[in-house]
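Results of the structural survey
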Amino acid sequence: MRSAGVLLFVGVLLLLGSCTTTRSVSRVSADTAVDLSGRWNDTDAQQTAQAMIDDVLKRGWIADFTAENQRKPVLIIGEVRNRSSEHIETLVFTKSLERELINAGKVKFVASKTERVAVQDELMAQQSQTSLDTVKRLGQETGADFYLSGVITSVIDAIEGQKVVYYKVNLELTNIETSEKVWIGEKQIKKIVDQAKFKF
Amino acid sequence: MRIPNLLVVTLVALFLVSCATTRNNAFVQADSAVAARQYQAAAKSLEAKGNQSNYSDRDQVLKQLDTAMLYHLDDQAAASTSRFDAAERLIEDNYTKSLTNAAASFVVNDYLLDYPGEAYEDLYLNVFKALDYLGLGQGDDAFVEINRLNDKLNLLEDKYARLAASMNSAPEARGSVQPGKTEFHNSALARYLSLALYRAEGSTDNAAIDLDKLRQAFATQRNLYAFAPPRLDVTPAPDGSVRLSVVGFTGRSPAKRASTLRIRTGENTISVTSEVEDSRGRLQQTGSFTLRVSGVRSGYNFKAQLPEMYLRPSMVARIGVSVDGKAVGSLQLLERMDAIALDTFNLGKQSTLIKTVLRTVSKGILAGAANNKARELAANSGNSALNLLAQVGTLAADAAVDASEQADLRSARYFPGQAWVGDFVIPEGPHSVTVDYHSADGRLLYLEALPRRNYSASEPNIVDSFDLE
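Summary of the structure given here. (Residues numbered from 1 in each chain as written. Chains lettered and ligands numbered in written order. Predicted model: local features only at pLDDT ≥ 70, side-chain atom pairs only at ≥ 80, totals over all residues.)

**As for the overall build of chain A**
Counting its secondary structure elements, chain A contains five helices and five strands. What you see in chain A, going N to C, is helices and strands ordered as α-α-α-β-α-β-α-β-β-β. Going through the 200 residues of chain A one by one, you find that 22% of them count as buried. Residue pairs at least 24 apart in sequence account for 66% of intrachain contacts in chain A once pairs closer than 6 positions are excluded. (Helix = DSSP H or I, 4+ residues; strand = E, 2+ residues; numbered from the N terminus. Buried ≥ 20, exposed ≤ 12 C-beta atoms within 10 Å, placed from the backbone. Contact = placed C-beta atoms within 7 Å.)

Set out below in structure tokens:
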């Protein structure tokens, strides 16, 4: 009956290949680090935002500007170019950065280029649709002093089932009037990913 | 009743591993629509609920690749991207499964495993995704796709080396599977797209680096780029004009066909027959011979069937470009995607061969032993009915062995075979661009009129066109 044993093995293998999986969901705190695929994820975005916030707030450019101009600097979020090999939503950490800087009370932000389009549409609509005592005036937007831009790059290396992914996020603040760069922040993230094993 | 039981078990087991192929017949409707350039209709027919049988659960990578390509051809970038995304994820998942499932691959026909995608499919899907993103006005996302392709190319041989190592560590392994090699390490097409993107944003240094890498692709991979590199310029167009980049895709990616070797034993004889599929998918005998080898027992039937990749030459020999009805030049061949598909197919060839031989021999010996035992017991019983049953059972077992061993002939159906490029300086503003495809004897095969659009100096201005003939 050795042959039948082999056949049974074949059958079991085939059946194993057709097993279905069940799904369970559990809730975790938003700041819990969960790494599933090894790709860029929410934890990376949070770590990047935190590192940038810590760095940008402790540098001297805010104090210098405030002392010179007797007011808080006004910032605008510009382009953060993604030159990595993953689709990364840069808004996740630029919004965190914006929030923390506003909440720290040391800078002001104006709406970004894309956000302004909707605001300007509303402003234009007000000119014909809104009562004179509440209509907002044209040409009163606050001009930004600094432009926040950046780039994300990545390098991947792999051998024998181990993959190393290295991300570098660079953000910089440029004085719009003088083109002077007043701050450059950098966050590096390195991950080692072992090829996952599937379980049937 | 021991003999019939053993035969039944044998037959059932062999039929279990002999699912029928879903090739060509199921795609008649979609292929006809593609021939008529009704790409959306073709995609819908493949996705229609009534046609679920076009793709089994194991062929979901193919379903996503085929429909993604058809939506790309139909200029539906968002629909195309989402399907290419799904295909890319499945290819990654199926590769991981194949690492852990190495033991099963020695026993089960490859066709019964989840399709892991050919190397060229996994690589070139990023090119079409990049073009999709350009169509959506998302230049950074296009860059991501080009970077992904380059990353995959860097890791390509390692990927197959891991697969071979996984197979060698399986308890069923006999001997050592050596990973294949490929000459393909640098895609001129990917470099060209990157060059055009950098050039459009005025990053001349980066564009020059890509041009250098493009030239290296030709210089270091001569078997794959056996033609002159195109003439390209990295400088931005003069003020008031833009550089229009046209990528023309022609032909079809290679197809697969079955190459079969049958070995049948008689008393002191071994008969060998080789067959290969013709263009209609029918097996044609390509050779046969019989050897006399004393001591060989009759009743053993081995069938090994291997996938073979073959080129489908394109009819296109020249591609012209016109802007607002005026000819501005022609495209130059940049990448033989079909030749690269053939080259990278070799990466997994040896492992397929070893798995097939082991499976064939195991099944042949198993069925042969069962046949011989059945005939022996039937002869000893003196019962003529049982004798007849044993003979019928032998024939059925041989047929089952034959049916159970099928080459895995799955591949994406609508990928093109060649990429051509050309850069043309045109005035900034709205233009109508047409791309005309000609045969070697100068016959116009197809003229594609691209949708009229604005060509702006702040945009990459990369357009793509297809003639799958």
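**Here's the deal with the overall build of chain B**
Within chain B one finds 13 helices and 14 strands. With the C-alpha coordinates of chain B rotated into their principal frame, the extents come out at 100 × 40 × 40 Å. Buried positions account for 47% of the 469 residues belonging to chain B. Across chain B, every contact between residues at least 6 apart in sequence was considered, and the portion connecting residues at least 24 apart equals 75%.

**Points about helix H4 (residues 91-103) of chain A**
Residue and element names in this part refer to chain A. Taking 1.5 Å per residue as the helical rise, H4 with its 13 residues ought to reach 18 Å, and the 18 Å between its terminal C-alpha atoms agrees with that figure. Every buried residue belonging to H4 is among Phe93, Thr94, Leu97, Glu98 and Leu101, and all of these are buried. The buried residues of H4 occupy an angular sector of 140° when the element is viewed end-on, so they sit on one face. For H4, the elements touching its buried residues are helix H2 (42-58), strand E1 (74-83) and strand E2 (108-110). Just past H4, the residue Gly105 takes up positive phi, approximately 75°. (Expected span 1.5 Å × (residues − 1). Arc of directions from axis to C-beta.)

**A short note on the packing of helix H4 (residues 60-73) of chain B against helix H7 (residues 119-135) of chain B**
A packed helix pair is summarised by two numbers, namely the angle formed by the two axes and the spacing between the axes. All names here are of chain B. Running from N to C, H4 and H7 cross one another at 30°; their axes reach a closest spacing of 11 Å. Viewed along their axes, H4 and H7 adopt a mutual orientation that is roughly parallel. For H4 against H7, the interelement crossing comes out left-handed. On H7, the residues touching Leu65, Met69 and His72 of H4 are Glu121, Leu125, Phe128 and Asp132. (Axes fitted to C-alpha atoms, helices over the stretch in contact; angles between N-to-C directions. Parallel < 35°, antiparallel > 145°, perpendicular 65-115°, else oblique. Left-handed = near helix turned anticlockwise from the far one by under 90°.)

**Some words on the nonpolar core**
Of all hydrophobic cores here, the largest spans 98 residues; its most connected members are B:Met69, B:Tyr192 and B:Leu195. When neighbours within four sequence positions are excluded, B:Met69 is seen to be in contact with B:Phe128, B:Ala412, B:Tyr414 and B:Phe415. Residues A:Met52, A:Ile62, A:Phe109 and A:Phe146 belong to the second largest nonpolar core, which totals 27 residues. (Core = buried A, V, L, I, M, F, W, Y, C linked by C-beta atoms within 7 Å.)

**What about helix H8 (residues 139-168) of chain B?**
Helix length check: H8(B) (30 residues) gives 43 Å between terminal C-alpha atoms against 44 Å at 1.5 Å per residue, within 8%. Along H8(B), the helix axis deviates most sharply at B:Leu155, where the bend reaches about 50°. (Bend = angle between axes of the 7 residues up to and from the residue.)

**Observations regarding the sheet that holds strand E6 (residues 316-323) of chain B**
Residue and element names in this part refer to chain B. Here four strands make up an open sheet; going across it, the order is E7-E6-E11-E12 and the pairing antiparallel. Only two strands of the sheet have a single neighbouring strand rather than two, namely strand E7 (326-330) and strand E12 (444-449). Adjacent strand axes in the sheet meet at a mean angle of 25°, parallel and antiparallel pairs treated alike. Looking at chain direction, E6 and strand E11 (residues 433-439) are connected through seven bridges and run antiparallel. Bridge pairing links Val321 to Val435 in E11. (Pairing = 2+ DSSP bridges.)

**Describing the sheet that holds strand E4 (residues 162-175) of chain A**
Pairing between the strands of a sheet comes from backbone hydrogen bonds, and it takes one of two forms, parallel or antiparallel. All names here are of chain A. In spatial order, the strands read E2-E1-E3-E4-E5; together these five strands make up an open sheet with mixed pairing. One side of each edge strand has no neighbouring strand; the edge strands of this open sheet are E2 and strand E5 (181-194). Averaged over neighbouring strand pairs, the angle between their axes works out to 30° when direction is ignored. Note: E4 against E5, 13 bridges, orientation antiparallel. Following the sheet pairing, Tyr167 is matched in E5 by Ile189. Here H2 sits on the sheet in contact with E4 and E5, set at roughly 150° to E5.

**Some details on the environment of A:Leu101**
All names here are of chain A. Locating Leu101 in the fold gives a position in helix H4. For Leu101, a count of 21 C-beta atoms within 10 Å gives the class buried. Taking the C-alpha atoms as reference points, Leu101 and Leu75, 26 residues apart in sequence, are found 9.9 Å from one another. Not counting residues up to four positions away in its chain, the partners in contact with Leu101 are Val56, Lys106 and Val107.

**As for the environment of A:Glu86**
Within the fold, A:Glu86 resides in the loop between E1 and H4. C-alpha of A:Glu86 to C-alpha of A:Glu68: the two residues are 18 residues apart in sequence and 41 Å apart in space. In contact with A:Glu86, not counting residues within four places along its chain, are A:Arg39, A:Trp40, A:Ser154 and B:Val144.

**Digging into the packing of helix H5 (residues 77-100) of chain B against H8(B)**
Residues and elements named next belong to chain B. Contact geometry of H5 with H8 gives a least axis separation of 8 Å together with a crossing angle of 30°. By the angle class used here, H5 and H8 are roughly parallel. Within the contact between the two elements, H5 uses Tyr95, Ser98 and Leu99 and H8 uses Lys159, Arg162, Leu163 and Ser166. Taken together, the residues that form the contact of H5 with H8 break down as three nonpolar, two polar and two charged. (Nonpolar A, V, L, I, M, F, W, Y, C, P; charged D, E, K, R; others polar.)

**Remarks on unusual backbone geometry**
Residues and elements named next belong to chain B. Positive phi is not limited to glycine here, since Arg37 has a value of about 60°. In this structure, Arg37 sits in the loop between helix H2 (28-35) and helix H3 (39-47). On the basis of neighbour counts, which here come to 15 C-beta atoms within 10 Å, the residue Arg37 falls in the partly exposed class. Phi at Asp75 is positive, roughly 60°, even though this residue is not glycine.

**Topic: the pairing of strand E2 (residues 255-266) of chain B**
All names here are of chain B. In the sheet, E2 pairs with strand E5 (residues 301-310) via ten bridges, with the strands oriented antiparallel. Across the sheet, residue Ala258 finds its bridge partner in E5, namely Pro307. When E2 meets strand E3 (residues 269-277), the two strands line up antiparallel, connected through eight bridges. The partner of Leu261 across the bridge, within E3, is Ser274. The turn linking E2 back onto E3 is made up of two residues, and Asn268 within it adopts a positive phi angle of 65°.

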